[in-house]
Structure formats: structure tokens, C-alpha cells
Amino acid sequence: MYLKDGSFFHRLWIHLFFTRKFYKVYNFFRPQRINPKKIVMCNFVGLGYGCNPKYLAEYILSHNLDYEIVWFMDSHKLKPGNTFPKNIRTVELFSKEAVKELSSAGIWIDNCRKGWFPRKKPCQLYVQTWHGGFACKKIEKDAPHLPKSYVKLARKDSKTIDLITTDSSVNTAIFRNSFWYSGEILECGTPRTDIFFDKQKVTAATIKIHDEYKIPHATKIALYAPTFRQSLTLAPYMLDYESAQKFLEEKFGGDWQLCVRLHPNVALKSAELNIPENVNDLSDYADMQEILCASDAVITDYSGIMFDYWFLSRPVFLFATDYEEYTENDRAFYVPIEKLPFSIAKNNEELKKNIENFDDEDFCRKLDSFKSEYGIASDGHACQKVMEWLENKQREIFGK
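K.L.:
Would you take a moment to explain the sheet that holds strand β3 (residues 88-92) for this structure?
P.N.:
Strands belonging to one sheet form pairs held by backbone hydrogen bonds; the direction of such a pair is parallel or antiparallel. Read across the open sheet, the seven strands follow the order β3-β2-β1-β4-β5-β6-β7; overall the sheet is parallel. Each having just a single partner strand, β3 and β7 (184-187) make up the two edges of the open sheet. Across the sheet, the axes of successive neighbouring strands diverge by a mean angle of 25°, strand direction being ignored. Where strand β1 (residues 35-42) meets strand β4 (residues 105-110), five bridges bridge the pair, whose relative direction is parallel. Residue pairing in the sheet places V40 in a bridge with W108 of β4. On the sheet, helix α15 (residues 382-398) packs against β1, β4, β5 (125-128), β6 (163-166) and β7 and is oriented at approximately 160° with respect to β5.

In C-alpha cells form, the structure reads like this:
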């Protein structure tokens, strides 16, 4: 299979890069001088320009901060249209150039575990933003069935981290324990959610999505974005798209367009889901936050996108057809979904009733109460707070 799709030699190189630790040999013989103004960023092990690192990069660029940004990407993973700003330099993740960049950068920023890294020097700073917002599903040490190899990697990674960002006081306690971590934690919010507090950016993203998918600007968008199951079963994804669109139009008025964004593991089998031709498939679009900005309602199951989208105070409907199976076979929860401020449907008929009974004032009141109870810290200034922390730390280290 890998010979057919052309990825065999790429996979072989990655295997050797890890197992033979080529990066350690290169770093030993070619030590690098640290450049405090160089930041190396990575998103989901080379996936491309997105998530929390992207929004930190956008903040740096828009505020003309004096940093050189280097982005690690895996060209085999890049989605169509996933482009980088011209003043961000890209480097292949699994390469000797990447070793050189990491060895010489004053700052590392990542949103998931670093699978490899050269020996980190005391004057280098590593910020871990993670890739989730509010931790509803159990993560890391608290998640079941973690391979021993991953636990070993995670412990090593956590010893190297200088700062973890969280979006709430509850998450701070969870991350402290589940990440095997004893360093600094900054309750600043999630960088990628800053966009939801800026009306101009929300409007710009909305127009961009409508234009990209040729959806009339007056048409409202309903996004169906479920997460994946370990078993890769497709049974839980049987949303009745036509009925959902009809229910939304009857409840909220106007024309609605159903869109779907599938997890990459599910998207591979999208042909088996019988998605109607008139439903827009946004699975290849690079930036989930821009899609959420354009969405007038979201239907999901256990995906963490609900905890990004709630900052827009727009309708969220949970379509969770397999809650018992999911908690038993996939992930348990810190907070049972029954306690979340969203209605829950186990079938299409219940989803219809939840849409019909939706009350915006009651929904917003529940949202505010929940966020207050769990100490949600996001206020649109997460990127600013992270950069201020870095600048203060670098002044302590370099005296400038």
C-alpha cells in the first residue's frame, strides 16, 4: 500500500530518524549558537499552519514583534490550500535542517508532544499550548490504554517544557497531574480562541468561508463536526442531514446550508457515510476556527470544538448516539456530558425536539453559569499573555 501511495521511503526515513536517533548524532557534532529571537513552531507533528501556534504566529506578525518564525511541516501531510505567510520560513520536520533550527532557536512552541528533540539548553524556552481547550474528555495519564512507548515519550517531553497554557483553573489542576508536569502553568486562555473575541476577524472569516464554498452570504451555515471512534465504526455518524436542515430553517428562519467536517480518521471512509451531494464537505479546510466563525449553529458529539465555539454564544446541539459505548471503549470524561450546557440527542428524532425547544436566553444563561463555575479564563488576550511571559523570561535569561 505504501509503495502505491508513494509514502514508503518517507515512512522509512521517519522510522530511522526516531529509532536510530539521527538527530542526536547531528546535534552532537554540529553544536549551534542560540538565537533568542528565533521561534520554532509546530502543529500536530507537521500538519501545517494551524491551531494555537498559528494564532501566536499571527499575533507576532500583526504586532511586528522582532522574532524570526520557523515552521516545521511534513509536506506529506499538508492539505490543499494550507499556505504560510511569506515571512514564515518552513522546514521539513524530519530533517537535519530541523535539528539545526531546534538547536539554535531561543523558543520552541508546540501543540502536542514532541516526538523528538535535541538536548534542550537552559537558555531555551519550550511552550506547550496543547491542542484542546476545556478538558472534558480525560487526557494523557488519565486516558486509558496509553502505550508504554507514549508514556515514556510524554514524561521526557514534560521534563523539558517550561510553560503549559490552560484556559481555566480546573484545567490547570488536570494538566498538572495528567501531564506528569511540575513546571509553570499560565491560565491565559487558548490562543486559537482569541479570534472569537474580535468581531472584525469573525466577520472576515465568515466571508472567507462563504466565498470559498460558494455559499450565498445571506445563507446560514450549520456545521456537523463529530469526533472519531477507536474502532473506526461509522454507525454513530448517521445524521439525517436533510431533516436537520429543515428543522433549523423552521426554528430559526431563513435559508440554511448543512456542512460537514470529519475527523481525518473518519474522512478516509466518507464515501460510506452517504452524505448528500448538497452538503458541503469542509474536511480539507485548514483552519477550524475560521469555519466556526462562519457557522451559525454546530452539531457535534464529543468533539472539543464545542468548547471553542461557545465563545460565540451560538447554538450547539450534541448528537451523541453511542455515549455508553464511547465512554467504555474510547474516552471517559472529567465532566459528564449531562452536566454540559448543551442539549443531548441520541437519535435524529431527539435532535429535532432539541432544535424545536431551543431557547437562546436560557442557553446563554447556562453557558455563562458553566464557564463561571469552571473558571474559564479565555478573554481574547491569550496570545498577548503568552508573548509577554516569553519576553519577561528572556529578559531574565539574557538580561535585555
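K.L.:
Would you take a moment to explain the environment of Y241 for this structure?
P.N.:
Take Y241: it is sitting in helix α8 (residues 241-252). If we skip the residues at most four places from it in the chain, Y241 touches Y224, L258, V260, I275, P276 and V279.

K.L.:
Help me out: how do you make sense of the sheet that holds strand β10 (residues 280-281) in this one?
P.N.:
One open sheet holds the six strands; their spatial order is β10-β9-β8-β11-β12-β13, and the pairing between them is parallel. If you trace the sheet from one side to the other, it starts and ends with β10 and β13 (343-345), each paired once. Relative to strand β11 (residues 297-300), strand β8 (residues 220-224) runs parallel, the two being bridged by three bridges. Residue pairing for β11: A222 is matched across the bridge by A297. Helix α13 (residues 348-356) rests against β11, β12 (316-319) and β13 of the sheet, and its axis sits at about 155° to β13.

K.L.:
Sorry if this is basic, but what is going on with the packing of helix α3 (residues 51-62) against α15 here?
P.N.:
Packed helix pairs are specified by the crossing angle of their axes together with the interaxial distance, meaning the distance between the axes. At a minimum axis distance of 9 Å, the contact between α3 and α15 shows a crossing angle of 75°. Regarding the angle of α3 to α15, the classification is roughly perpendicular. Here Y55, L56, Y59 and I60 of α3 lie close against α15, whose contacting residues are C383, Q384, V386 and M387. Here the contact of α3 with α15 is built from residues that sort into seven nonpolar, one polar and no charged.

K.L.:
Explain the side chain of S378 to me, please; I cannot follow it from the model alone.
P.N.:
Note on placement: S378 falls in the loop between α14 (360-373) and α15. Within the local environment of S378, its side chain forms a polar contact with the backbone nitrogen of T190, the two atoms lying 3.4 Å apart. If we ignore the near neighbours within four places in the chain, the residues touching S378 are D167, C188, G189, T190, T193, F197 and F311.

K.L.:
In this structure, what is going on with the nonpolar core? I would like to understand it.
P.N.:
Judged by nonpolar contacts, the single largest core of 93 residues is most densely connected at M41, F134, W310, L340, F342 and L390. Top element by residues in this core is α15. It accounts for six residues. Setting aside its immediate chain neighbours within four residues, L340 contacts C136, M306, F307, L318, V335 and F370. By size, the runner-up hydrophobic cluster in this structure holds 26 residues, among which are V70, V91, F117 and F175.

K.L.:
Would you explain the environment of T172 in this entry?
P.N.:
Turning to its location among the elements, T172 is positioned in helix α6 (residues 169-178). Residue class for T172 comes out buried when judged on its relative accessible area of 14%. With near-sequence residues (within four places) excluded, T172 lies in contact with T166, I185 and E187.

K.L.:
Teacher, can you tell me more about the pairing of β5 here?
P.N.:
For a regular strand, the rule is simple: side chains alternate between the two faces of the sheet. The alternating pattern of β5 places L125 and V127 and Y126 and Q128 on opposite faces, both of which are buried. With four bridges connecting them, β4 and β5 associate as parallel partners. Paired with W108 across the two strands is Y126, which belongs to β5. Note that β5 and β6 share two bridges and pair parallel. Considered in β6, the bridge of V127 is made with L163. Viewed along the sheet, the connection from β5 through helix α5 (residues 148-160) into β6 turns out right-handed.

K.L.:
Got a minute to help me understand a negative patch on the surface in this structure?
P.N.:
On the surface, E250, E349, E350 and E356 cluster together into a patch of negative charge. The element best represented in the negative patch is α13, accounting for three residues. Position of E349 relative to the elements: it lies in helix α13. Look at E349 and you get partly exposed, because its relative accessible area is 45%.

K.L.:
Is there a simple way to think about the pairing of β6 in this case?
P.N.:
Here β6 shows two buried faces, one formed by L163 and T165 and the other by I164 and T166. As defined by bridge partners, β6 adjoins β7 across four bridges and the pair is classed as parallel. Looking at the pairing, T166 lines up with E187 of β7. Traced from β6 through α6 to β7, the parallel crossover comes out right-handed.

K.L.:
Sorry, what's going on with the side chain of Q124 here?
P.N.:
Locating Q124 in the fold gives a position in the loop between β4 and β5. Residue classification places Q124 among the buried residues on the basis of a relative accessible area of 0%. A polar contact of 3.4 Å, which involves the side chain of Q124, links it to the backbone oxygen of S103. From its side chain, Q124 meets the backbone nitrogen of K121 in a polar contact 2.9 Å long. Ignoring sequence-local partners within four residues, the contact set of Q124 consists of I34, L102, S103, S104, A105, G106, W108, R119 and D162.

K.L.:
What's the story with α13 in this structure? I'm lost.
P.N.:
Think of an α-helix as 3.6 residues a turn; residues three or four steps apart then line up on the same face. Regarding α13, the residues found buried are L351, N354 and I355. Along α13, the residues classed as buried sweep out an arc of 100° about the axis, all on the same side. Two or three places before E349, at the opening of α13, N347 has a side-chain oxygen 3.2 Å from that residue's backbone nitrogen.

The rules behind each value
- Residues numbered from 1 in each chain as written.
- Predicted model: local features only at pLDDT ≥ 70, side-chain atom pairs only at ≥ 80, totals over all residues.
- Heavy atoms only, no water.
- Pairing = 2+ DSSP bridges.
- Helix = DSSP H or I, 4+ residues; strand = E, 2+ residues; numbered from the N terminus.
- Axes fitted to C-alpha atoms, helices over the stretch in contact; angles between N-to-C directions.
- Contact = heavy atoms within 4.5 Å.
- Parallel < 35°, antiparallel > 145°, perpendicular 65-115°, else oblique.
- Nonpolar A, V, L, I, M, F, W, Y, C, P; charged D, E, K, R; others polar.
- Polar contact = N/O pair within 3.5 Å; in protein donor to acceptor, adjacent residues only side chain to side chain.
- Core = buried A, V, L, I, M, F, W, Y, C linked by side-chain atoms within 4.5 Å.
- Buried < 20%, exposed > 50% of the residue type's maximum accessible area, 1.4 Å probe, protein only.
- Right-handed = clockwise from strand over helix to strand, strands pointing away.
- Patch = residues over 30% accessible without salt bridge, like charges linked within 9 Å, V, L, I, M, F, W, Y side chains within 5 Å.
- Areas by Shrake-Rupley, 256 points an atom, 1.4 Å probe, with all protein chains shown as cover.
- Salt bridge = Lys/Arg side-chain N within 4 Å of Asp/Glu carboxyl O.
- Lys, Arg positive; Asp, Glu negative; His and termini not counted.
- Charge placed at Lys NZ, Arg CZ, Asp CG, Glu CD.
- Arc of directions from axis to C-beta.

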